[in-house]
Amino acid sequence: ASASLALGGAALWLLMGVSAGVVAATRPRSRIDRSITAVALLFYSMPTFLVGQLLLFFLFFQLYRAGFEFFPPGSYVPFTENPLQWARFLILPWFTFALMYAAIYTRMIRASTLETLDEDYVRTARAKGAPEWMVIRSHVLRNAMLPVVTMLGMDIAVSLGAVLFVESAYGLPGLGRLFATSLARRDFPVLLGITMYTTLVVILVNFLIDILYGLVDPRARIGSRSERAPSRAERAKAV
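Residues numbered from 1 in each chain as written. Predicted model: local features only at pLDDT ≥ 70, side-chain atom pairs only at ≥ 80, totals over all residues. Heavy atoms only, no water.

Here we come to a nonpolar patch on the surface. Residues F49, L50, L54, F57, F58, L59, F61 and F165 make up a contiguous nonpolar surface patch of roughly 710 Å² in combined accessible area. The leading source of residues in the nonpolar patch is helix α3 (residues 48-65), at seven residues. Checked against the element boundaries, L59 lands in helix α3. (Patch = residues over 30% accessible without salt bridge, like charges linked within 9 Å, V, L, I, M, F, W, Y side chains within 5 Å. Areas by Shrake-Rupley, 256 points an atom, 1.4 Å probe, with all protein chains shown as cover. Salt bridge = Lys/Arg side-chain N within 4 Å of Asp/Glu carboxyl O. Helix = DSSP H or I, 4+ residues; strand = E, 2+ residues; numbered from the N terminus.)

In structure tokens form, the structure reads like this:
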């Protein structure tokens, strides 16, 4: 349950943050830009447990009173058992988990995209007659995503602390809830096991992010042609 919550929330906050940040940056100082910035500041200032309670009140309790029972109150169905019910029971926890981080990424992507739009290669691509969507996709977004890749590993590690509040609010049987109950019972072996497991996950995620960074930015690849020492044939050819 914790893995489903963390991975689904990370995918959701990346989708919302990158989309909102690019839209705000391509329309600077417009109403859309100011609205997106205001919403991002709102969710950035709200704690996770408060977002969870508000979503439960408006999207579960009020809709349930009106006769709509789409959002369940709180439970968990494994993905291997029923993928549709798995997503249905996790949709509210995903939004609760992702809204604050989406606000952070919206502001970061907006600032990075605005900086990239002023680069010389962007003006050159526009001068060659490239469509705006191609300029954004091929030239702006790829370079603006470099800080996102760097921050993603650290944010996934930090977000494991927010799992505790989300799982407690929605009654999910995950590591966060187990950590809280073990702490109340002073079950130190379980607490030690959860801490070691979380540490291993953080190390593994940062290792995967380093590999992903090399795929996104060719300059960061180890042993690239520009960094490695020239071979004997290349030195002879240069002479």
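Right, let's talk about the layout of surface pockets for a bit. Considering only enclosed or pocket space, the largest pocket measures out at about 470 Å³ in volume. As for the largest pocket, its lining consists of 18 residues, and the residues nearest its centre are S2, L160, L175, T198 and V201. Elements supplying a minimum of two residues to the lining of the largest pocket: α1 (2-26), α7 (146-170), α8 (175-185) and α9 (188-216). Among the elements that make up the lining of the largest pocket, the one with the highest residue count is α9 (six residues). Of the residues belonging to the lining of the largest pocket, the class tally is 13 nonpolar, five polar and no charged. (1 Å grid on protein atoms, 1.4 Å probe; cavity = no way out; pocket = protein on both sides within 12 Å on 5 of 7 lines; lining within 4 Å. Points joined across faces, edges and corners; volume = space filled by probe spheres on them. Nonpolar A, V, L, I, M, F, W, Y, C, P; charged D, E, K, R; others polar.)

Here the focus is the side chain of T106. Relative to the helices and strands, T106 resides in helix α4 (residues 83-117). Of note is the side chain of T106, whose polar atom sits 2.7 Å from the backbone oxygen of A102. Aside from chain neighbours lying at most four places away, what touches T106 is M16, G17, A20, G21, I36 and A40. (Polar contact = N/O pair within 3.5 Å; in protein donor to acceptor, adjacent residues only side chain to side chain. Contact = heavy atoms within 4.5 Å.)

This model, assessed by the stated rule, comprises three salt bridges. With a closest N to O distance of 2.8 Å, R110 and D33 form a salt bridge. One end of the pair, R110, is in helix α4; the other, D33, is in helix α2 (residues 31-45), with 77 residues separating them in the sequence. A salt bridge links R123 to D120; the nearest nitrogen and oxygen atoms lie 2.2 Å apart. A residue pair is termed a helical-turn pair when its members lie 3 or 4 positions apart in one helix, as R123 and D120 do in helix α5 (residues 120-127) at three residues.

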